[in-house]
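Given next are the chains, with one letter for each unit.
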Amino acid sequence: MLRLFNSTNPAVLFLLLLWGVLVRMHYWLHPELLHLYPDTNILGNPIYTFLLAPFAAAPHILLIIGYIVTFLLALYFNQFLHKQRLLTIQNYYPALVVLTVSALLPEWIIPSMPMLSSFLAMLLLQRLIVLYRKEKMYGQVFDIGLIVGLGILSYTSLVWFAVLLLFALFILRAFVLREWINVYTGIVVPLFLTGTWYFYTDRWPGFYTALLHNCSFHSTVQFSLNKGALAAYGTIVVLCLYLWIMMQSKPLSRLVLVRKVFWLWFHLSWVIAVSYFFTPNRSATHFYLFILPFSFYLSYYLCVEKNKWLRTVSFMLLVAVIAFQFLTL
């Protein structure tokens, strides 16, 4: 089956579209599994209130919206990896993996702020990679800070992306004090302007509470772990360990940038895991962001693994989890 997507032919897009619908079939048949989670973030709350909440009683519409957003993210992710030459061959494996992994859990099916924030994460990584190739990027690092600042307003847990920038700048750039000042100034500017507007409209307590409440630490996991969820998380963990072991035994690309991007995805993974415990309305929707690094590692492995049997088994494990959830309903 992977052979069908090992091509850059535009006709493959139609197969991708059908595949994304197919792996979500059990949610079409059982829409009661889909639940819309409220959002208390500064920009997330109006998006939830005016765009998503009216369809809370219409899960099929939420399913369509979520699928359209995920399909666009998959195409963006696919184009991003190939444009930056981060994979050894050009194909639609990245988009295929994103569409498949996003169908593992019902929380990843419907639209949410983590789903929308994935586009900001992609834009952030794209801008960071540009930094590696040029010098004196003072204005560009400020733009990167603006992206993170807007991300914090949209989904406050992305404040941990400020920590990610520390590792990213260490990995990709020589230390330049002016760049560090510019990038964190860029983060502060959207927060300062938004806070000023809240202050002059006598709504400062709401801004203050939204930021602090959404950044407060909680030590418990709040989403349910039924058989389907355990199978999904277990498979992802097993595949992550397998991919890590296999990547250690295979020579990575000769391009230094590719090896640096591997570390960027790694740091993004643990930042996502840590930031979950600073999310007030916590659910498995938060881990939608983890789809990006996992999809990169699996896509890269599918491109470099010469044993077709191992490639097929690695991908079919995800399909097996989806089939298991369908059979256990």
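Above this text sits the structure in question.
Residues numbered from 1 in each chain as written. Predicted model: local features only at pLDDT ≥ 70, side-chain atom pairs only at ≥ 80, totals over all residues. Heavy atoms only, no water.

### Focus on the packing of aromatic side chains
Under the convention used in this document: Only the six-membered ring of Trp is used, alongside the rings of Phe and Tyr, when aromatic pairs are assigned; centres must lie within 6.5 Å, and planes under 30 degrees apart are stacked while those over 60 apart are edge-to-face, with the rest tilted. Per the convention used, a helix needs a DSSP run of H or I reaching at least four residues, while a strand needs a run of E reaching at least two, with both numbered from the N terminus. Accessible area is worked out with a 1.4 Å probe on protein chains only. A residue is then buried under 20% of its type maximum, exposed over 50%, and partly exposed in between.
All chains considered together, the criterion is met by 19 aromatic pairs. Ring centres of Trp-263 and Phe-266 lie 5.6 Å apart, and the angle between their planes is 90°; this geometry places the pair in the edge-to-face category. On the criterion of helical spacing, the pair formed by Trp-263 and Phe-266 is a turn pair, its members being three residues apart in helix α13 (residues 256–276). Overall, the relative accessible area of 42% leaves Phe-266 in the partly exposed class. Arranged with centres 5.2 Å apart and planes meeting at 80°, the rings of Tyr-276 and Phe-277 form a pair that is edge-to-face. According to the relative accessible area criterion, Tyr-276 is buried, its value standing at 1%. Judged by relative accessible area, which is 25%, Phe-277 ranks as partly exposed.

### Quick word on the side chain of Thr-285
Using the following cut-off: Working rule for contacts: check all heavy atoms of both residues, and any pair within 4.5 Å makes them a contact.
Within the secondary structure layout, Thr-285 lies in the loop between α13 and α14 (291–304). Residues contacting Thr-285, with those up to four places away along its chain left out, are Tyr-37, Glu-107, Trp-108, Ser-112 and Pro-114.

### Focus: the side chain of Arg-24
Convention followed: Lys and Arg are tallied as positive, Asp and Glu as negative. Neither His nor the chain termini are counted. Salt bridges are defined by distance alone: a side-chain nitrogen of Lys or Arg within 4 Å of a carboxyl oxygen of Asp or Glu. Counting of polar contacts relies on pairs of N or O atoms within 3.5 Å, with two restrictions inside protein: one atom must be capable of donating a hydrogen and the other of accepting it, and residues adjacent in sequence are counted only when both atoms are side-chain atoms.
Structurally, Arg-24 is set in the loop between α2 (12–23) and α3 (25–29). Although Arg-24 lies buried, it forms no salt bridge, and the closest oppositely charged side chain, Glu-107, sits 12 Å away as judged by the N-O distance. Side-chain polar atoms of Arg-24 contact the side chain of Ser-102, separated by 2.5 Å.

### Notes on the nonpolar core
The criterion, for reference: The criterion is simple. A nonpolar core is a set of buried Ala, Val, Leu, Ile, Met, Phe, Trp, Tyr and Cys residues joined through side-chain atoms within 4.5 Å.
Ranked by internal contacts, the top residues of the largest apolar core, which has 109 residues, are Leu-104, Trp-265 and Phe-296. Those residues in contact with Phe-296, other than ones at most four positions away along the chain, are Phe-77, Leu-81, Leu-86, Leu-87, Val-261, Phe-262 and Trp-265.

### A closer look at the packing of helix α5 (residues 59–83) against helix α6 (residues 93–101)
As a reminder of what qualifies: To obtain each axis, a line is fitted to C-alpha atoms, and for helices this fit is confined to the stretch in contact; angles are then taken between N-to-C directions over 0 to 180 degrees. Any angle that falls under 35 degrees is termed roughly parallel, while one over 145 is termed roughly antiparallel, one within 65 to 115 roughly perpendicular, and all others oblique. Each crossing gets its handedness from the near helix: less than a right angle anticlockwise from the far helix is left-handed, clockwise is right-handed. Note on residue categories: nonpolar means Ala, Val, Leu, Ile, Met, Phe, Trp, Tyr, Cys or Pro, charged means Asp, Glu, Lys or Arg, and polar means any other residue, Gly included.
Across the interface, α5 lies against α6 with an axial gap of 8 Å and an inter-helix angle of 150°. Comparing the axis directions of α5 and α6 gives the class roughly antiparallel. Regarding α5 and α6, the two cross each other, and that crossing is right-handed. Packed against α5, whose contacting residues are Tyr-67, Thr-70, Phe-71, Ala-74, Phe-77, Asn-78, Leu-81 and His-82, the element α6 presents Tyr-93, Pro-94, Ala-95, Val-98 and Leu-99 at the interface. Residue composition of the contact of α5 with α6, by class: ten nonpolar, three polar and no charged.

### Some remarks on the packing of α6 against helix α15 (residues 308–327)
Here α6 crosses α15 at 30°, and the two axes come no closer than 10 Å. It follows from the interaxial angle that α6 and α15 lie roughly parallel. α15 is crossed by α6, and the crossing has left-handed handedness. Between α6 and α15, the residues in contact are Tyr-93, Leu-96, Thr-100 and Val-101 and Arg-311, Phe-315, Leu-318 and Ile-322, respectively.

### Thoughts on the environment of Met-113
Along the chain, the position of Met-113 falls in helix α7 (residues 113–133). Residues contacting Met-113, with those up to four places away along its chain left out, are Asp-39, Gly-44, Ile-47, Ser-154 and Tyr-155.

### Comments concerning helix α8 (residues 138–154)
Filter applied, for reference: Expected helix span is given by 1.5 Å per residue-to-residue step, counting one fewer step than there are residues.
Relative to the 24 Å expected for 17 residues at 1.5 Å per residue, α8 spans 25 Å between its end C-alpha atoms, a close match to the ideal helical length. Buried within α8 we find Val-141, Ile-144, Gly-145, Ile-147, Val-148, Gly-149, Gly-151, Ile-152, Leu-153 and Ser-154.

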